[in-house]
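Here are the chains, one letter per residue:
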Amino acid sequence: MSVQVVTAKMAEVELKDINSRSLPAAMPVPQKEEEKSAIKSQPAAPSTSPAVSPAAKVAAVPDAPTLPSPSPNLMKMPQASVLKRTEPQHNGGEAFTNPDGTVTEAPKTVKKQIQFADQKQEFNKRTTKVGRRSLSRSISQSSTDSYSSAASYTDSSDDETSPRDKQQKNSKGNSDFCIKNIKQADFGRREIEIAEQEMPALMALRKRAQGEKPLAGAKIVGCTHITAQTAVLMETLAALGAQCRWAACNIYSTQNEVAAALAEGGFAVFAWKGESEDDFWWCIDRCVNVEGWQPNMILDDGGDLTHWIYKKYPNMFKKIKGIVEESVTGVHRLYQLSKAGKLCVPAMNVNDSVTKQKFDNLYCCRESILDGLKRTTDVMFGGKQVVVCGYGEVNALQQYIVVLKNSMRPTTYIFSFSMDGFRLVKLNEVIRQVDIVITCTGNKNVVVREYLDRMKNGCIVCNMGHSNTEIDVASLRTPELTWERVRSQVDHVIWPDGKRIVLLAEGRLLNLSCSTVPTFVLSITATTQALALIELYNAPEGRYKQDVYLLPKKMDEYVASLHLPAFDAHLTELTDEQAKYLGLNKNGPFKPNYYR
């Protein structure tokens, strides 16, 4: 295609040059012997153009090659202005009809010379062989970086020095943070400003409550994905009066430029994309273990921060006023602590709130799973067979491919699988034929080495659960298997017989490791988290005991109502009679707490 485009462009230049410039009488015309005698016997046609020296004509053509002196025969040739075009000749040139009816071929050499000049200019613009290789490497590296979470601006240009070994300060001289590069702050600020436009409820909450400062005195330590959306939440909490210290809950999901913008804004942030396991726990400890600073609230995603404080700082844990947890894994851990009688603080489960379940888990996951797969593998979904281990909202996959379901859930869930049109299977029944395997159970060892050995060549394996325990990645780190990094977050694991599987994000959370998530949906989750923190922090003593609670239904409905203006949606209010008939308060809540 590119060759055709270039050819078309060259032809346009040639035609333009022939039409706009007088044909210089400076090029010898190759002629046959019989044509020479005919030309000599022809009378010269009178010139209708002003005389222009050959030197002047050459000067009008930039970079044109030096032209030879005109031959006497060619000087007798009629000017182009009095010639009429005829059909192209058999030799590829053009012919012109003289006023006396004779036909003369146009000098093909002119076209060749002009083409040569253009080609020379084009050639000078091209890179050298070494330059092309360098450009190829540059493009390849840029493409690799584009597959990172949220398209981080400087993944390829940053040096390999660990942020833990750097001494960085923001513009105010503060150094209480550890990030990749503070110089990225301007880029991060733009990302945050874009996210604010798609988070109407959180911005409305900030505007309504910042005068009251409902979180004044709150010292919140957080461990979530550090993205532009999280930054909007953190800045909202600060506007409501809270002090915040933050670490990342995933080693791959941090947007470095956003972390830089937060550090520049005075937040104590300890996170960067591509942390090691040791870095991960070091960052959490730096958030918690601060002289003269005692956290009284926890906002967690996955339970790692809660677990760390519970194990390492038990006295600090007892002084916490409340925990807000948003993930399936983290909620499961809280229920385990509660059941064992070890949970000594009240906790709020926002993962099972209606708004979180119906919006974040639905629209966010089903869109971002496709985005993550596309960015990392460029896979075409048409004709593929996918097995989803666990039950989630996979409608987006269903419209492209055959979706098989594998579940260890109760019979009621299995019944709903079948009613939704999915084929329920056991993983060992289909593992040899499927093209993509997705885990989202929150469990461990769902895809073990036995299944990985039996997968077909080129099978894509990824995880949408919070932790990296669902795929047995550790079993793949053996001498007989070769790991080949092909892109950021994309590894080929190659067996001795040449078979390979495509492992994404080393089995960690796919969407936030390899792509981004819809900002508007995260507005719902972030607003829910903010309200839960306000509720636990301001609740009178005795309202919440040392247990795990669901978000109050009234708050759930309030979060939904804050998003309605974005759709220009208008609710009809109940009349007093209608409210009395239903036994409801006119202002809600309109559903019981057990409603899901």
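Residues numbered from 1 in each chain as written. Predicted model: local features only at pLDDT ≥ 70, side-chain atom pairs only at ≥ 80, totals over all residues. Heavy atoms only, no water.

An unreviewed UniProt entry lists the chain under the name SAHH3 Adenosylhomocysteinase, with Polyodon spathula as the source organism. Database annotation for the chain, UniProt heading Sequence similarities (unreviewed entry): "Belongs to the adenosylhomocysteinase family." Its UniProt record gives the chain the following Cofactor (unreviewed entry) comment, quoted word for word: "NAD(+)". (UniProt positions renumbered as here; feature names shortened; annotations may be inferred.)

A. Local environment of the side chain of Thr528. Among the secondary structure elements, Thr528 is positioned in helix H21 (residues 519-538). Those residues in contact with Thr528, other than ones at most four positions away along the chain, are Val350, Ser353, Thr355, Leu551 and Val559. (Helix = DSSP H or I, 4+ residues; strand = E, 2+ residues; numbered from the N terminus. Contact = heavy atoms within 4.5 Å.)

B. Inspection of the sheet that holds strand S18 (residues 548-550) at higher detail. Strand order across the open sheet formed by seven strands is S6-S5-S4-S7-S8-S9-S18, with parallel pairing between neighbours. Among the strands making up the open sheet, the edge pair consists of strand S6 (268-270) and S18. Adjacent strand axes in the sheet meet at a mean angle of 20°, parallel and antiparallel pairs treated alike. With four bridges connecting them, strand S4 (residues 219-224) and strand S7 (residues 297-300) associate as parallel partners. Paired with Gly222 across the bridge in S7 is Leu299. (Pairing = 2+ DSSP bridges. Axes fitted to C-alpha atoms, helices over the stretch in contact; angles between N-to-C directions.)

C. Broad picture of the environment of Ile494. Secondary-structure assignment places Ile494 in strand S16 (residues 490-494). Sequence separation between Ile494 and Leu476 is 18 residues; the distance between their C-alpha atoms is 9.6 Å. Not counting residues within four places of it along the chain, the set of residues in contact with Ile494 comprises Glu480, Leu481, Thr482, Glu484, Lys499 and Arg500.

D. Here's a closer look at the packing of aromatic side chains. Under the criterion given, the structure shown has five aromatic pairs. Each ring, one from Phe520 and one from Phe567, has its centre 5.4 Å from the other, and the planes form 85°; the classification is edge-to-face. With Phe520 in helix H21 and Phe567 in the loop between helix H22 (553-563) and helix H23 (576-582), the pair connects residues that are 47 residues apart, well separated along the chain. Given the relative accessible area of 56%, Phe567 is considered exposed. Linked through ring pairs, Phe280, Trp281 and Trp308 together constitute an aromatic cluster. The ring of Trp293 has Arg245 lying over it, and the distance from NZ or CZ to the ring centre is 5.7 Å. (Phe/Tyr/Trp six-rings, centres within 6.5 Å; stacked < 30°, edge-to-face > 60°. Buried < 20%, exposed > 50% of the residue type's maximum accessible area, 1.4 Å probe, protein only. Lys NZ or Arg CZ within 6 Å of the ring centre and 35° of its normal.)

E. Looking closely at the packing of H21 against H22. Direction vectors running N to C along H21 and H22 enclose 140°, while the axes themselves pass 10 Å from each other. Of the possible angle classes, the one that applies to H21 and H22 is oblique. Judged by the twist between their axes, the crossing of H21 over H22 is right-handed. Contacts between H21 and H22 pair Phe520, Ser523, Ile524, Thr527, Thr528, Leu531 and Glu535 from the former with Met555, Tyr558, Val559, Leu562 and His563 from the latter. (Parallel < 35°, antiparallel > 145°, perpendicular 65-115°, else oblique. Left-handed = near helix turned anticlockwise from the far one by under 90°.)

F. Layout of the environment of Ser276. On the secondary structure map, Ser276 appears in the loop between S6 and helix H11 (277-288). Owing to a relative accessible area of 33%, Ser276 belongs among the partly exposed residues under this scheme. For the pair Ser276 and Tyr252, spaced 24 residues apart in sequence, the C-alpha separation works out to 9.5 Å. A polar atom in the side chain of Ser276 sits 3.0 Å from the side chain of Asp279. (Polar contact = N/O pair within 3.5 Å; in protein donor to acceptor, adjacent residues only side chain to side chain.)

G. Structural detail: the nonpolar core. Formed by 53 residues in total, the largest nonpolar core has its most connected members in Leu215, Ile220 and Leu237. Of all the secondary-structure elements, those providing two or more residues to this core are helix H7 (185-197), helix H8 (200-209), helix H9 (228-239), strand S5 (243-248), helix H10 (256-264), S7, H21 and H22. Broken down by element, this core gets its largest block of residues, nine residues, from H21. If we ignore the near neighbours within four places in the chain, the residues touching Leu237 are Leu215, Ile220, Ala242, Cys244, Trp246, Ala530 and Leu533. (Core = buried A, V, L, I, M, F, W, Y, C linked by side-chain atoms within 4.5 Å.)

H. Expanded view of the pairing of strand S15 (residues 482-487). In this sheet, S16 lies alongside S15 in antiparallel orientation, the contact comprising five bridges. Across the sheet, Glu484 pairs through a bridge with His492, a residue of S16. The antiparallel pairing of S15 with S16 creates a hairpin that spans two residues between the two strands, and Gln489 there sits at a positive phi of about 70°.

I. Molecular detail of unusual backbone geometry. In this model, Gly588 is joined to Pro589 through a cis peptide bond whose omega is 0°. Along the chain, Pro589 turns up in the segment after H23. The phi dihedral of Asp378 falls on the positive side, at around 55°, and the residue is not glycine. Counting through the fold element by element, Asp378 comes out in the loop between helix H15 (354-377) and strand S10 (385-389). Take Asp378: its relative accessible area is 47%, and that puts it in the partly exposed class. With a phi angle near 55°, Asp568 is a residue other than glycine that sits in the positive phi range.

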